[in-house]
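Coordinates in review
One letter stands for each residue in the lines below.
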Amino acid sequence: MSEEGRYRFGAGIMLLNQERRVWVGQRIDNPGPAWQMPQGGVDEQEDSWAGALRELEEETGIARHLVSRVDGSPCIDVRYELPDELRAQLWKGRYVGQRQHWYLCTFKGRDADVRIDGEHAEFSRWKWEDPRLLPELIVPFKRGMYEAILGGFARWL
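Here we look at helix H4 (residues 143-152)
Restricting attention to buried positions, one finds in H4 the residues Met145, Tyr146, Ile149 and Leu150. For H4, the arc enclosing every buried residue in end-on projection is 140°, short of the 170-degree limit, so these residues lie on one face. Structurally, H4 contributes buried residues whose contacts are with strand E1 (7-16), strand E3 (35-36), strand E6 (76-81), strand E7 (97-107) and helix H3 (134-137).

This is the structure we're talking about:
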């Protein structure tokens, strides 16, 4: 398997509200420090932007028309590796981690537009958070990835 093939391809959105705070959700499957931004796998024949929007809607209920990609924001290409104890449990052991494209977007809706109780529910609660705190909120093995995302989008935060 190629080096790239060892990583599941995914995408995510750093969603900012009008106060420049970032949407994060508390994962249902991890009661510890497991807040994260909306992200997930990209389907075959789907580009990363379309996958990021689909994941956002599935996980948060936020409709695509309530999101605007920040003009000129780059797609940040980052990866993380799973701890050994999780590799066999996730994705049937096929991948060592995930490579993701991240997009910076603004939220044009209201808090009432957020629905985390959908068919693909992954979060038990959500909040708007100071972006600088994101690395402290994520599971430790994704911390470096979140620091890279913050660095890549720093000029807009």
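Topic: the pattern of salt bridges
According to the stated counting rule, one finds 13 salt bridges in the structure shown. Put simply, aspartate 43 and arginine 54 hold a salt bridge, and the shortest N to O gap is 3.5 Å. Taken as a pair, aspartate 43 in the loop between strand E4 (39-41) and helix H1 (48-60) and arginine 54 in helix H1 lie far apart in primary sequence, 11 residues in all. Among the residues examined, aspartate 43 registers a relative accessible area of 43% and is labelled partly exposed. Judged by its relative accessible area of 13%, arginine 54 is buried. Among the salt bridges present, the one from glutamate 129 reaches lysine 127, with a minimum N-O distance of 3.1 Å. We classify glutamate 129 as buried; its relative accessible area is 9%.

With respect to the nonpolar core
Counting 24 residues, the largest nonpolar core has Met14, Met37, Trp102, Leu134, Tyr146, Ile149 and Phe153 as the members making the most contacts within it. Of all the secondary structure elements, the ones that give two or more residues to this core are E1, strand E2 (22-27), E6, E7, H3 and H4. In this view, tyrosine 146 contacts Gln36, Met37, Trp102, Leu134 and Ile138; residues no more than four positions away in its chain are not counted. In terms of nonpolar packing, the next biggest core, distinct from the first, is built from 19 residues, Ala52, Leu53, Ala63 and Cys105 among them.

Observations concerning H1
Residues lying three or four places apart along an α-helix face the same way, a consequence of the helix completing one turn every 3.6 residues. Its 13 residues give H1 an end-to-end C-alpha distance of 18 Å, which sits within 8% of 18 Å, the value for a rise of 1.5 Å per residue. Buried residues of H1: Ser48, Gly51, Ala52, Leu53, Arg54, Glu55, Leu56, Glu59 and Thr60, and no others. Residue aspartate 47 occupies the N-cap position of H1, its side-chain oxygen lying 3.2 Å from the main-chain nitrogen of tryptophan 49. One or two steps after H1, the chain reaches glycine 61, where phi turns positive at roughly 75°.

Points about the environment of glutamate 19
Within the fold, glutamate 19 resides in the loop between E1 and E2. Sequence spacing of glutamate 19 and serine 124 is 105 residues, and the spatial spacing of their C-alpha atoms is 23 Å.

Here we look at unusual backbone geometry
The residue arginine 20 is not glycine, and still its phi comes out positive at about 65°. For arginine 20, the position within the fold is in the loop between E1 and E2. The class for arginine 20 is partly exposed, based on a relative accessible area of 40%. In this structure, glutamine 45 takes a positive phi of about 70° despite not being glycine. Along the chain, glutamine 45 turns up in the loop between E4 and H1. By relative accessible area, glutamine 45 is classed as exposed at 78%.

About the thresholds
Residues numbered from 1 in each chain as written. Predicted model: local features only at pLDDT ≥ 70, side-chain atom pairs only at ≥ 80, totals over all residues. Heavy atoms only, no water. Buried < 20%, exposed > 50% of the residue type's maximum accessible area, 1.4 Å probe, protein only. Helix = DSSP H or I, 4+ residues; strand = E, 2+ residues; numbered from the N terminus. Arc of directions from axis to C-beta. Contact = heavy atoms within 4.5 Å. Salt bridge = Lys/Arg side-chain N within 4 Å of Asp/Glu carboxyl O. Core = buried A, V, L, I, M, F, W, Y, C linked by side-chain atoms within 4.5 Å. Expected span 1.5 Å × (residues − 1). Polar contact = N/O pair within 3.5 Å; in protein donor to acceptor, adjacent residues only side chain to side chain.

Limitation: the analysis is restricted to geometry and does not speak to function.
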